[in-house]
Amino acid sequence: MSNQVQDLTPDEVSKGVAEGRYLLVDVREPNEVAAEAYPYGVVVPLSTFDPKAIPDPQGKEVVFACRSGKRSVTASLAAQAAGLAYDKHLAGGILGWKAAGLPTKVGG
């Protein structure tokens, strides 16, 4: 296991999710998600992170996301340590997502 985390751009992630290739896993806390969320994705907070809580991606690749791109790397490494080949994250987090002009929603 290489324990590398691959950076994906907001546009890559948005396109991949739209095409059904990626499952976005938001590892921010519930209060953060309630304030502003990715328009799709599942929430698995890093504070109580359990790789087993990630839904079966059903053939999709898992992409972790957070606020700025730090916690998503931590989550990816934790998942890899648990034997899951989830090695992608959204570089720049939701800040980069918004900077790229991509939509967010309120209330998780």
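All figures in this text were calculated on a predicted structure; none of them were measured in a lab.

Criteria and thresholds
- Residues numbered from 1 in each chain as written.
- Predicted model: local features only at pLDDT ≥ 70, side-chain atom pairs only at ≥ 80, totals over all residues.
- Heavy atoms only, no water.
- Buried < 20%, exposed > 50% of the residue type's maximum accessible area, 1.4 Å probe, protein only.
- Helix = DSSP H or I, 4+ residues; strand = E, 2+ residues; numbered from the N terminus.
- Arc of directions from axis to C-beta.
- Contact = heavy atoms within 4.5 Å.
- Phe/Tyr/Trp six-rings, centres within 6.5 Å; stacked < 30°, edge-to-face > 60°.
- Lys NZ or Arg CZ within 6 Å of the ring centre and 35° of its normal.

Time to look at helix H3 (residues 71–81). For H3, the set of buried residues is Ser-72, Ala-75, Ser-76, Ala-79 and Gln-80. Across the axial projection of H3, the buried residues extend over an arc of 135°, all falling on one side. Elements that come into contact with the buried residues of H3 comprise strand E4 (61–65) and strand E5 (88–90). Once H3 finishes, Gly-83 follows within two positions and takes phi at roughly 90°, a positive value.

Evaluated as defined, the whole model comprises four aromatic pairs. Summarising the aromatic geometry, the rings of Phe-49 and Phe-64 are spaced 6.1 Å apart at their centres and angled 70° between planes, so their arrangement reads as edge-to-face. Taken together, the positions of Phe-49 in the loop between strand E3 (42–43) and E4 and Phe-64 in strand E4 put the pair 15 residues apart, joining distant regions of the chain. With a relative accessible area of 17%, Phe-49 lands in the buried category. Taking the relative accessible area as the measure of exposure, Phe-64 reaches 0% and is therefore buried. Summarising the aromatic geometry, the rings of Phe-64 and Tyr-86 are spaced 6.4 Å apart at their centres and angled 55° between planes, so their arrangement reads as tilted. Residue Phe-64 is located in strand E4, and its partner Tyr-86 is located in the loop between H3 and E5; the two are separated by 22 residues in the primary sequence. The same class applies to Phe-64 and to Tyr-86, which are both buried. Sitting above the plane of the Tyr-22 ring, Arg-21 keeps its charged end 5.1 Å from the centroid.

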